[in-house]
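So the chains spell out like this:
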Amino acid sequence: MKKCALFLAVLLLSLSLTGCTASTEQTMSFSAMDTVITVKLYGMDFESANTAFSECRNILTELEALWSATIPNSDFCRINEAAAGEILLDFRTIALLRLASEVQTETDGAFDISLAAVSALWKRCETENRLPAAEELTELLSHSGNGTWELSDRGIVKTDPSLCLDAGGIGKGAAADALLAYLKTTSATGGMISFGSNVVCFGQKTNGSAFRIAVKDPKDPGSYAGIVTLSADTSLSVSGDYERYVEIDGTRYHHILDPMTGYSCNSGLSSVAILCESGALADALSTACMVLGYDAAMELQHSQTYRFEAIFLFSDGSVRITDGLRECWSATGSDLS
Ligand code: ADP
Ligand code: MG
């Protein structure tokens with residue numbers, strides 16, 4: 001898969017920041033989970049911040065060792081390599097899969113953590129410069145979705161031996177939650193965690209100004225469609241059709257798949273930003289809403305199954321937001337209806 005920009009995995013550039021001195025704002029960036037992660041801390045001295053940064057790295061290393069499907073012996077690797085039956089898992093993986101399963105149900109299958117083999121087929125087809133055959137997709141899809149796995153108290157029960165899972169649509173948000181929980185136990189008076197496409201803030205900036213996050217313009221990822229003011233403890237996740245993709249015969253096929261067809265989803269949306277209380281949920285819902293499209297995503301919001309707000313960036317360049325964002329979104333250069 002190609003990435004348009006390594007640093008900003010989907011679209012965010014954090015708008016900083018005036019008047020912070022080096023002693024009250026400490027920033028660190030590092031790579032993990034196939035993205036660049038930036039942690040910014042306020043109200044902490046250099047040494048304490050460095051201790052906090054190393055603990056953040058440790059947490060991410062542990063989670064990656066559980067959730068990466070390419071690290072030998074990770075929970076996801078063991079799931080994907082196992083035959084049918086029960087596989088014992090770390091409690092953090094069970095929690096991740098529980099939420100994934102719930103969102104899969106609530107989105108009528110639009111969110112589906114079991115598309116790893118389909119994603120892998122697209123990557124292979126890119127190297128072979130050919131489109132996947134319909135029969136190949138149908139065959140792989142028959143080993144994904146409902147009825148192929150369930151959770152037990154201790155792990156997962158794989159009912160289809162060919163099942164392959166992929167945490168790509170939910171793992172970064174869940175990792176941001178883990179960092180947030182840890183950082184709130186430190187002496188930092190505020191901070192921001194960014195995984196590029198997943199951002200969360202806590203406490204306050206030293207200068208008291210709001211946390212403002214720019215959401216990339218899918219038509220021109222070098223600029224932004226608008227700015228959202230993010231309340232503390234609210235997570236933002238953005239999924240888009242322009243950042244990660246395979247290119248076959250000159251055409252781009254982006255990385256968010258419609259679980260019904262195995263092709264890149266094509267719901268009329270180029271990008272969706274979700275704001276809610278949990279990073280993992282925001283991550284899963286932003287992926288799901290790309291597949292669902294505007295009408296079904298709004299139905300989900302109105303059903304109040306989950307409390308979330310959303311910014312929808314349509315393929316035609318228009319932008320729509322949910323009512324709860326009227327006060328915290330300002331559009332730049334796009335029509336706001
Ligand atoms: P990003 O990882 O770029 O922030 P997303 O959170 O939207 O983007 O997740 C996309 C990733 O999730 C894909 O790269 C793939 O690993 C996985 N995925 C693709 N389609 C789906 C889907 N319908 N449901 C759940 N996960 C998906
Ligand atoms: Mg996601």
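This text follows the structure it describes.
Now for a quick tour of the structure.

Parameters and conventions
- Residues numbered from 1 in each chain as written.
- Chains lettered and ligands numbered in written order.
- Predicted model: local features only at pLDDT ≥ 70, side-chain atom pairs only at ≥ 80, totals over all residues.
- Heavy atoms only, no water.
- Helix = DSSP H or I, 4+ residues; strand = E, 2+ residues; numbered from the N terminus.
- Rg over C-alpha atoms; globule rule 2.2 N^0.38 Å.
- Buried < 20%, exposed > 50% of the residue type's maximum accessible area, 1.4 Å probe, protein only.
- Areas by Shrake-Rupley, 256 points an atom, 1.4 Å probe, with all protein chains shown as cover.
- Pairing = 2+ DSSP bridges.
- Patch = residues over 30% accessible without salt bridge, like charges linked within 9 Å, V, L, I, M, F, W, Y side chains within 5 Å.
- Salt bridge = Lys/Arg side-chain N within 4 Å of Asp/Glu carboxyl O.
- Lys, Arg positive; Asp, Glu negative; His and termini not counted.
- Charge placed at Lys NZ, Arg CZ, Asp CG, Glu CD.
- Donors = N, O, S within 2.8 Å, 3.2 Å for Na, K, Ca; no water.
- Near = heavy atom within 4 Å.
- Polar contact = N/O pair within 3.5 Å; in protein donor to acceptor, adjacent residues only side chain to side chain.
- Nonpolar A, V, L, I, M, F, W, Y, C, P; charged D, E, K, R; others polar.
- Axes fitted to C-alpha atoms, helices over the stretch in contact; angles between N-to-C directions.
- Contact = heavy atoms within 4.5 Å.
- Left-handed = near helix turned anticlockwise from the far one by under 90°.

**Considerations on the overall build of the protein chain**
When you go through the protein chain residue by residue, the secondary structure sums to seven helices and 18 strands. Here the C-alpha radius of gyration of the protein chain, 20 Å, is about what a compact globule of 337 residues would show, namely 20 Å. Expressed along its principal axes, the backbone C-alpha trace of the protein chain runs to roughly 60 × 45 × 40 Å. Taking all 337 residues of the protein chain together, the buried fraction comes to 53%. On the protein chain, roughly 14,500 Å² of surface is accessible, and the fraction owed to carbon and sulfur atoms is 50%.

**Describing the pairing of strand β11 (residues 220–230)**
In summary, the side chains of a regular strand alternate between the two faces of the sheet. As paired elements, strand β10 (residues 211–217) and β11 share seven bridges and run antiparallel to each other. Residue pairing across strands places aspartate 217 opposite aspartate 220, the latter belonging to β11. Looking at chain direction, β11 and strand β18 (residues 329–331) are connected through three bridges and run antiparallel. Considered in β18, the bridge of glycine 226 is made with alanine 331.

**Side note on a negative patch on the surface**
A cluster of acidic residues, Glu102, Glu106, Asp108, Asp295 and Glu299, forms a negative patch on the protein surface. When residues of the negative patch are traced back to their parent elements, those giving at least two are α3 (91–106) and α7 (279–303). Position of glutamate 299 relative to the elements: it lies in helix α7.

**Topic: the coordination of the magnesium ion (ligand 2)**
For the magnesium ion (ligand 2), the protein coordination sphere consists of Gly169 (O), Asp283 (O), Asp283 (OD) and Thr287 (OG1), at 2.0 to 2.5 Å. Sequence spacing of the donors to the magnesium ion (ligand 2): G-x113-D-x3-T. Of the two residues, aspartate 283 and threonine 287 both sit in helix α7, four residues apart, roughly one turn of that helix. Residue classification places aspartate 283 among the buried residues on the basis of a relative accessible area of 5%. Judged by relative accessible area, which is 16%, threonine 287 ranks as buried.

**Some remarks on unusual backbone geometry**
The phi dihedral of asparagine 73 falls on the positive side, at around 75°, and the residue is not glycine. With respect to the helices and strands, the residue asparagine 73 is situated in the loop between α1 (46–67) and α2 (75–81). Residue classification places asparagine 73 among the exposed positions, given a relative accessible area of 63%.

**Focus on the site of ligand 1**
Every one of the 19 residues lining ligand 1 counts as a neighbour, but Asp166, Lys172, Ser197, Ser239 and Thr287 are closest to it. At 2.9 Å, a backbone N or O of aspartate 112 approaches a nitrogen atom of ligand 1. Here glycine 169 contributes a backbone N or O atom positioned 3.1 Å from an oxygen atom of ligand 1. About the coverage of ligand 1: the protein hides 94% of its 570 Å² of free accessible area. The element contributing the most residues to the shell around ligand 1 is α7, with three residues. Of the residues in the shell around ligand 1, the class split is eight nonpolar, six polar and five charged.

**Description of the sheet that holds strand β4 (residues 35–42)**
Judged by pairing direction, the sheet is antiparallel, and its eight strands sit side by side in the order β3-β4-β8-β9-β12-β15-β16-β17 without closing on themselves. With one partner strand each, in any of the chains shown, β3 (25–32) and β17 (319–321) form the two edges of the open sheet. If you compare each strand with its neighbour and ignore which way they point, the axes differ by 10° on average. Across three bridges, the pairing between strand β9 (residues 198–203) and strand β12 (residues 235–240) is antiparallel. Paired with valine 199 across the bridge in β12 is leucine 236.

**Considering the side chain of serine 152**
With respect to the helices and strands, serine 152 occurs in the loop between β6 (149–151) and β7 (155–158). Take serine 152: its relative accessible area is 16%, and that puts it in the buried class. Only 2.5 Å separates the side chain of serine 152 from the side chain of glutamate 86, close enough to count as a polar contact. Once residues lying within four places of it in the same chain are set aside, the contact partners of serine 152 are Glu86 and Val157.

**Some remarks on the pattern of salt bridges**
Enumeration over the complete set of coordinates arrives at 13 salt bridges. In this structure, aspartate 75 and arginine 78 form a salt bridge, with 2.9 Å as the shortest nitrogen-oxygen distance. Here aspartate 75 and its partner arginine 78 are both found in helix α2, three residues apart, which amounts to about one turn of the helix. The exposure class assigned to arginine 78 is partly exposed, which follows from its relative accessible area of 28%. Where salt bridges share partners, they join Arg124, Glu128, Arg130 and Glu136 into one cluster.

**Quick look at the packing of α1 against helix α6 (residues 171–183)**
Pairs of packed helices are described in terms of their axes, by the angle between the two and the distance that separates them. Packing of α1 against α6 brings their axes to within 10 Å, and their N-to-C directions diverge by 145°. Viewed along their axes, α1 and α6 form a crossing whose handedness is right-handed. In this structure, α1 contributes Thr51, Ala52, Glu55, Cys56, Ile59, Leu60, Leu63 and Trp67 to the contact, and α6 contributes Gly171, Ala174, Ala175, Ala178, Leu179, Tyr182 and Leu183. Looking at the contact of α1 with α6, its residues break down into 12 nonpolar, two polar and one charged.

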